[in-house]
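Here is what each chain is made of, one letter per residue.
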Amino acid sequence: MKKEIRIFFTALMFYTRIPCPKWVDHSDEYLNKATRYFPLIGVLVGGFSAITFYLTAFILPVSVSLIFSILAGVLMTGAFHEDGLADVCDGFGGGWTKEKILIIMKDSRVGAYGVIGLVFLFILKFTLLDSIPVKSIPAVLIAAHALSRFVAVTFLYSHTYVREGEDSKIKPVARKSPLFNFVLAGIFGIAPLLLFRNPCYFLILVPLFLMKGLLGRYFKKWIGGYTGDCLGATQQICEVLFYVCFIVLWKYI
């Protein structure tokens, strides 16, 4: 149990800005095992965003509360995944060879493609969430954050990690881990769909994994696999796609 607690806190420290006990560190062993809790971290981030929305909606318009809920998620993760999306937009938008793409993605500066990608990302998030029934928004936030992170985790088992250098922070995470990690991550990622009390919403799994397949094929074509930035971009894209799919199911099923 103590070991599992340490693994969980390692995941919490790596994927969020939440303060952790001093005895938690970036041990390669625990970072690799921490992937099992990545979707659970999504539940926490989505839950924090949902609580922020719920509380602010008492005194503010729904549209303003949605902005605060999105901001809450960004602050909780330190824009970890949004940064990955921006780097992917810059890298694949401005690079034409594997080496050039990887160099651009490693650059800490954000270029035009990255800025454009982030602008469209936040516009889509706000517009889509604003189209969802208010009473469903908290559950949607929790489920979207959890499931999108599980989709990203599956890259560790289906694709090859492209080494960015010996100092890469994601390197220990990217090593393939036991099947137990995958199963546990799947439980944490898929279980929040039960919040909707309608089995039809499990259909969202289909387009999300189709998107993962398309992204995986694209990444493999250009750089031969995935990087940490690719995982962040996948999480953000699948989160937005979750909102799209929920609206479609809510309206037509």
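All values derive from a computational prediction rather than experimental measurement. (Residues numbered from 1 in each chain as written. Predicted model: local features only at pLDDT ≥ 70, side-chain atom pairs only at ≥ 80, totals over all residues. Heavy atoms only, no water.)

Asks: Would you mind showing me how to read the overall build of the protein here?
Replies: Looking only at helices and strands, one finds 13 helices and zero strands in the protein. Start at the N end of the protein and walk to the C end: the helices and strands fall as α-α-α-α-α-α-α-α-α-α-α-α-α. Over its C-alpha trace the protein gives a radius of gyration of 18 Å, about what one expects of a compact globule, namely 18 Å for 253 residues. Each of the three principal axes of the protein carries a C-alpha extent, and together these read 50 × 45 × 30 Å. In the protein, which comprises 253 residues, the proportion classed as buried is 51%. Of all intrachain contacts in the protein linking residues separated by at least 6 positions in sequence, the fraction that spans at least 24 positions is 77%. Accessible area of the protein: about 12,400 Å², with a carbon and sulfur share of 69%. With 25 positive and 16 negative side-chain charges, the protein shows a separation of 7 Å between the mean positions of the two kinds. (Helix = DSSP H or I, 4+ residues; strand = E, 2+ residues; numbered from the N terminus. Rg over C-alpha atoms; globule rule 2.2 N^0.38 Å. Buried < 20%, exposed > 50% of the residue type's maximum accessible area, 1.4 Å probe, protein only. Contact = heavy atoms within 4.5 Å. Areas by Shrake-Rupley, 256 points an atom, 1.4 Å probe, with all protein chains shown as cover. Lys, Arg positive; Asp, Glu negative; His and termini not counted. Charge placed at Lys NZ, Arg CZ, Asp CG, Glu CD.)

Asks: Where do I start with the pattern of salt bridges in this structure?
Replies: The full count for this structure, using the stated rule, is four salt bridges. Between Lys125 and Glu82 there is a salt bridge, and its shortest N-O distance comes to 3.8 Å. Remark: Glu82 occurs in helix α5 (residues 80-94) and Lys125 occurs in helix α7 (residues 112-130); sequence separation between them is 43 residues. What makes Glu82 buried here is its relative accessible area of 7%. For Asp107, the salt bridge is made with Arg109, and the minimal N-O distance between the two is 2.8 Å. Residue class for Arg109 comes out exposed when judged on its relative accessible area of 63%. By sharing partners, the salt bridges in this structure join Glu82, Lys125 and Glu239 into a single network. (Salt bridge = Lys/Arg side-chain N within 4 Å of Asp/Glu carboxyl O.)

Asks: Got a minute to help me understand the packing of α7 against helix α13 (residues 228-252) in this structure?
Replies: For any two helices packed against each other, the geometry comes down to the angle between their axes and how far apart the axes lie. Relative to each other, α7 and α13 sit at 25 degrees, their axes nearing to 10 Å. For the element pair α7 / α13, the angle class is roughly parallel. For the element pair α7 and α13, the recorded crossing hand is left-handed. Between α7 and α13, the residues in contact are Leu121, Leu124, Lys125, Leu128 and Leu129 and Gln236, Glu239, Val240, Tyr243, Val244 and Ile247, respectively. (Axes fitted to C-alpha atoms, helices over the stretch in contact; angles between N-to-C directions. Parallel < 35°, antiparallel > 145°, perpendicular 65-115°, else oblique. Left-handed = near helix turned anticlockwise from the far one by under 90°.)

Asks: Quick question: what am I supposed to make of unusual backbone geometry here?
Replies: Residues apart from glycine generally show negative phi values, whereas peptide bonds are mostly found in trans. Positive phi is not limited to glycine here, since Ala79 has a value of about 55 degrees. Within the secondary structure, Ala79 is located in the loop between α4 (62-77) and α5. On the accessibility criterion, Ala79 (25% relative accessible area) is partly exposed.

Asks: Sorry, what's going on with the packing of aromatic side chains here?
Replies: Two aromatic rings are characterised by how far apart their centres lie and by the angle between their planes. Counting across every chain of the model gives 22 aromatic pairs. An aromatic cluster is present here, built from Phe92, Phe155, Tyr161, Tyr218, Phe219 and Tyr226 joined pairwise through their rings. Positioned over the ring face of Phe155 is Lys212, at 5.0 Å from the centre of the ring. (Phe/Tyr/Trp six-rings, centres within 6.5 Å; stacked < 30°, edge-to-face > 60°. Lys NZ or Arg CZ within 6 Å of the ring centre and 35° of its normal.)

Asks: Explanation requested: the nonpolar core in the structure shown.
Replies: Soluble globular proteins tend to bury their nonpolar side chains together. Phe196, Ile204 and Phe242 are the most contacted members of the largest nonpolar core, which totals 67 residues. Those residues in contact with Ile204, other than ones at most four positions away along the chain, are Leu147, Phe242, Cys245, Phe246 and Leu249. (Core = buried A, V, L, I, M, F, W, Y, C linked by side-chain atoms within 4.5 Å.)

Asks: Honestly, the state of the cysteines in this entry has me stumped. Any pointers?
Replies: The term disulfide refers to a covalent linkage connecting the sulfur atoms of a pair of cysteines. Applying the stated rule across the entire model yields zero disulfides. Of all cysteine sulfurs in the structure, the one in Cys89 sits closest to Cys230, which takes part in no disulfide; the separation is 11 Å. (Disulfide = S-S within 2.5 Å.)

Asks: I keep staring at the environment of Val115 and nothing clicks. Help me out?
Replies: Summarising the element assignment, Val115 is placed in helix α7. A sequence separation of 47 residues divides Val115 from Val162, and the C-alpha atoms of the two residues are 24 Å apart.

Asks: Teacher, can you tell me more about helix α6 (residues 98-106) here?
Replies: Residues separated by three or four positions in an α-helix point in the same direction, a consequence of the helix having 3.6 residues per turn. Buried residues of α6: Ile101, Leu102 and Met105, and no others. Taken end-on, α6 shows its buried residues confined to a sector of 95 degrees, consistent with a single buried face. Facing away from the buried side of α6 by over 90 degrees, the exposed positions are Glu99 and Ile103. On the buried face of α6, the contacting elements are α5, α12 (205-223) and α13. (Arc of directions from axis to C-beta.)

Asks: I'm lost on the side chain of Asn181 in this one. Help?
Replies: Within the fold, Asn181 resides in helix α11 (residues 179-190). According to the relative accessible area criterion, Asn181 is buried, its value standing at 1%. In terms of polar contacts, Asn181 uses its side chain to reach the side chain of Arg36, at 2.7 Å. Residue contacts for Asn181: discarding those within four places in its chain leaves Asn32, Lys33, Thr35, Arg36 and Tyr157. (Polar contact = N/O pair within 3.5 Å; in protein donor to acceptor, adjacent residues only side chain to side chain.)

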